[in-house]
Amino acid sequence: MAELRALVAAAGAAPSLHNAQPWRFRPAGDGAGVLVFADPARAVPLADPDGRGMLLSVGAALFNLRVAAAQLGFPVDELDLMPGPLGVVGPDEPVAVVRFGPRGVPYELAELAAEIGRRHSSREPFANRDVPEAVIGELVAAAADEDTVLDVLEEAGARRVLALTAEAEARIAGDAARRAETGSWLRAEPAGAAGPAETERDGIPERALGPQDHEARVPVRDFAGHGPARVRRFEALPQVATIATRGDTAADWLRAGQAMERVWLVATARGLRISVLHQAVELPDTRWRLRDPESGVGTVQVVLRVGYGPPGAATPRRDVDDLLDGLPDDPAGER
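Residues numbered from 1 in each chain as written. Predicted model: local features only at pLDDT ≥ 70, side-chain atom pairs only at ≥ 80, totals over all residues. Heavy atoms only, no water.

### Some details on the sheet that holds strand β1 (residues 23–27)
On the basis of which strands lie adjacent, the open sheet formed by 4 strands has the order β1-β2-β4-β3 and antiparallel pairing. The open sheet is flanked by β1 and β3 (76–81), the only strands paired with a single partner. The average angle at which neighbouring strand axes cross in this sheet is 15°, direction not considered. Alignment of β3 against strand β4 (residues 96–100), held across 5 bridges, turns out to be antiparallel. Note that in β4 the partner of V76 across the bridge is F100. Taken strand by strand, helix α1 (residues 2–11) contacts β1, β2 (33–38) and β4, and its axis lies near 165° from that of β1. Sitting on the sheet, helix α2 (residues 52–72) touches β1, β2, β3 and β4, and the angle it makes with β2 is about 160°. (Pairing = 2+ DSSP bridges. Helix = DSSP H or I, 4+ residues; strand = E, 2+ residues; numbered from the N terminus. Axes fitted to C-alpha atoms, helices over the stretch in contact; angles between N-to-C directions. Contact = heavy atoms within 4.5 Å.)

Structure representation (structure tokens):
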């Protein structure tokens, strides 16, 4: 039981849209694995009407679970994505099944375990310093290990993607319903509070919002919906990367989420910071235009801003007991 809780605690530290944490877990019936569920009750329907962002988030949690399993010495013998009929996503259909082999010694992915707790979104300005080619190569390889393609964009590509992100941000900011949905995930913090209130285990605390870019080069999401409360100068040319998949199915979204988290943990180990520029993938037309106009290969699932800078603030996390269903001493799944 302690090992299952450790796996779920690691999974629950993953990033998610608006920090909604839309995941649940259940031990496999034979005790040799974990069933991973999306939680539609924690969806963000206006920003993510097709559930793509939800499954991307669950994919990130799934990768953290795999890292924790590696640290505990549990080899993943089987990883089945979208095993249900016709790829249905529902509260009682697992979106992934992880089955473990006999326990042994920690293996390769275990080296990323220490980065799970250090990984945070950083919405702060980054330094005007390029990421070395050797490190970029590691990030590209990390994405490839999850059957996706990471493309670190040259100047023209980065400016094109940033322009699409700014366009999407302006349209989202002009939508009152979308602003209200985003605002519902903000968490105010009392002055002098040492941490989130006991009832606030999700959402985005004010300390994690970050400033707006004085030169408007980096289209940071306006979570509060009332314009910039703080303004600073960001890097002159942000380093932008995209993660793409060959297809655009629910299983591809899970793959992209695993790739995002793998890239993020490797980047954290190398002293890099990351923020997700999600706005352009929330609108169908801007998402389509994120494709490389020359190659047009694959579907862009994630846009990342990568660089050197201050760490982001930690965000609250749901308790492990809230994420676990169907424990052996709780056969009905009651909590």
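What follows picks up the thread again.
### A closer look at the packing of α1 against α2
Angle between the axes and distance between the axes: these two values describe a pair of packed helices. The N-to-C vectors of α1 and α2 enclose an angle of 140°; their axes lie 7 Å apart at closest approach. Between α1 and α2, the angle is such that the two are oblique. Note on packing geometry: the crossing formed by α1 with α2 is right-handed. In this structure, α1 contributes E3, A6, L7, A10 and A11 to the contact, and α2 contributes A61, N64, L65, A68, A69 and L72. Counted by class, the contact of α1 with α2 contains 9 nonpolar, 1 polar and 1 charged residues. (Parallel < 35°, antiparallel > 145°, perpendicular 65-115°, else oblique. Left-handed = near helix turned anticlockwise from the far one by under 90°. Nonpolar A, V, L, I, M, F, W, Y, C, P; charged D, E, K, R; others polar.)

### Considering helix α4 (residues 133–144)
An ideal rise of 1.5 Å per residue puts 16 Å on 12 residues; α4 measures up with 16 Å between its terminal C-alpha atoms. Along α4, the positions that sit buried rather than exposed are V135, I136, L139, A142 and A143. Axial view of α4: buried residues confined to an arc of 120°, hence all on one face. Of the exposed residues in α4, those oriented more than 90 degrees away from the buried face are E133 and A134. Taken together, the buried residues of α4 touch β5 (149–152), β10 (239–245) and α7 (250–269). (Expected span 1.5 Å × (residues − 1). Buried < 20%, exposed > 50% of the residue type's maximum accessible area, 1.4 Å probe, protein only. Arc of directions from axis to C-beta.)

### Observations regarding the side chain of R42
For R42, the location among the structural elements is in the loop between β2 and α2. A distance of 2.3 Å separates a polar atom in the side chain of R42 from a polar atom in the side chain of D202. (Polar contact = N/O pair within 3.5 Å; in protein donor to acceptor, adjacent residues only side chain to side chain.)

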